[in-house]
Amino acid sequence: VGLSNYLPSSRLIQPGVCTSSTRPASPFEGQVIYETDTDKVLVYNGSAWYANWNLPWGIIGKGTNTSSQQITTSTADVTNLSVTWTAVTGRQYKYTVFLPNVNPAANSTMIVTITDGSNTVKTTNRFSNETSFRYTATYVFLEASLSGSVTRKVRAYMDNSTQTINNDSDATTLFLVEDIGPS
Amino acid sequence: MIYETDTDKVLVWDGSAWYPPKNTAWGILGKHELAYAFATSSPHTTFQDEGLSVSVSYGPNRLLKATLLVRPYTNGGTNFVIYRLMRGSTAVTIWGFGYPDISNSEAPHKTIVYTFAGPATAGTETFKVQIAGTPNNTQVTSYGQPTTNDGPRQLMIEDVGPA
């Protein structure tokens, strides 16, 4: 039977329990804390507090849109599908693009890119269909070797016609950025 | 529980080995990326290694997720393109693509996500991707290009939690 069975928690030393504004002033490498105001478990790596380094840290940010958008032969941002975050060196990031209701012209191709904030292309994806049936355009892409402030956004254009990304509350576009673990 | 200062890992002893906490996802286990194409050789209906391959160490009784970004194309004529994911010598799953998705004089991108239970014991095995054409014995191709062009094909294996 442990000491905590006999003493109320208020009488016990609670090592590692703090708030985000009362973290240890002189932490040691490997020290683990729990922040009661954020419910975060963090580890000190010798220079900063991070979540467990060898685990994924999950969602970084997302952009969504519920309004339809015309895609033309000129490259343009897909509305709201942009995320800016502070990347941590040594981590890997996963991008998920989801365009659930593309209304195409037959024999057309939509070219969807992920770019940085200056429109430099990081990856390109093509979606085509010989029919005019609606389809879902989705893809996943990985990127590592990032650090500092990073912006990634979704842009699109058509090869030979104009088509619509139909959006509503049941078919919302999504651009998701996740931390999936150490690189 | 231990913290390794050289790897920054937090690990827990489960009675027989050190693992990350078992009640959480362990994240990415391995990935591979190729910026060139693979075209089948005859007989095209036989599965052939298309190049994506990664050695992965997994824990016991974990749920794993494979994500594959590819650009299949039926350059030999009307056909279907079949992809197969292998864990060692064991087939994990198969995906197929055909008309009208990939017959518009284009090799459009396709992303496939598949979640499956890993073995009951920990191990290290090679996951690889194979490709074949069906039903016709005509060439099919798995495209990949540099990010400055249409981008690479990718294979990623993640641990998404306890099975």
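Note that the coordinates shown come from a computational prediction; the quantities given were computed from them, not determined experimentally.

Cut-offs used in this document
Residues numbered from 1 in each chain as written. Chains lettered and ligands numbered in written order. Predicted model: local features only at pLDDT ≥ 70, side-chain atom pairs only at ≥ 80, totals over all residues. Heavy atoms only, no water. Helix = DSSP H or I, 4+ residues; strand = E, 2+ residues; numbered from the N terminus. Buried < 20%, exposed > 50% of the residue type's maximum accessible area, 1.4 Å probe, protein only. Salt bridge = Lys/Arg side-chain N within 4 Å of Asp/Glu carboxyl O. Contact = heavy atoms within 4.5 Å. Buried area = accessible area lost by both parts, 1.4 Å probe. Polar contact = N/O pair within 3.5 Å; in protein donor to acceptor, adjacent residues only side chain to side chain. Pairing = 2+ DSSP bridges. Axes fitted to C-alpha atoms, helices over the stretch in contact; angles between N-to-C directions.

Draft legend 1. Here's a closer look at unusual backbone geometry. Between B:Ser42 and the following residue, B:Pro43, the backbone shows a cis peptide bond with an omega angle of 5 degrees. By the secondary structure assignment, B:Pro43 is in the loop between β5 (38-39) and β6 (48-58). Unusually for a residue other than glycine, A:Asn80 sits at a positive phi of about 75 degrees. Tracing the chain through its elements places A:Asn80 in strand β7 (residues 76-87). With relative accessibility at 47%, the residue A:Asn80 sits in the partly exposed group. With a phi close to 55 degrees, A:Ser145 is a non-glycine residue in the positive phi region. Taking the relative accessible area as the measure of exposure, A:Ser145 reaches 73% and is therefore exposed.

Draft legend 2. Local environment of the pattern of salt bridges. All names here are of chain A. Evaluated as defined, the whole model comprises 15 salt bridges over all chains. The partner of lysine 153 in a salt bridge is aspartate 77, with the nearest N and O atoms 3.3 Å apart. Here the residue lysine 153 occupies a position in strand β12 (residues 148-158), and aspartate 77 occupies one in strand β7, the gap between them amounting to 76 residues. The buried category is assigned to lysine 153, whose relative accessible area is 11%. Taking the shortest distance from any N to any O, the salt bridge between lysine 94 and glutamate 178 comes out at 3.8 Å. Of the two residues, lysine 94 sits in strand β8 (residues 91-103) while glutamate 178 sits in strand β14 (residues 173-182), which places them 84 residues apart along the sequence.

Draft legend 3. Just the interface of chain B and chain A, in detail. With 37 residues of chain B at the contact, the number on the chain A side is 37 residues. The contact between chain B and chain A buries some 2900 Å² in all, and 51% of this surface belongs to carbon and sulfur atoms. Counting across the chain B and chain A interface gives two salt bridges. Here B:Glu158 makes a salt bridge to A:Lys94, at a shortest N to O gap of 3.2 Å. If you look at where chain B meets chain A, you find 10 residue pairs in polar contact (both at pLDDT 80 or more). Elements that contribute at least two residues to the side of chain B that touches chain A include exactly β2 (10-13), β4 (27-34), β7 (62-73) and β13 (153-162) of chain B. For the side of chain B that touches chain A, the leading source of residues is β7(B), giving four residues.

Draft legend 4. Layout of the sheet that holds strand β9 (residues 90-97) of chain B. Residue and element names in this part refer to chain B. The strand order across the open sheet formed by four strands is β6-β11-β8-β9, and the pairing between neighbours is antiparallel. A single partner strand is all that each edge strand has here, and the edge strands are β6 and β9. Strand-to-strand twist in this sheet, taken as the mean axis angle between neighbours without regard to direction, amounts to 20 degrees. Of the pairings in the sheet, the one linking strand β8 (residues 80-87) to β9 comprises seven bridges and is antiparallel in character. Bridging from a neighbouring strand, arginine 87 pairs with threonine 90 of β9.

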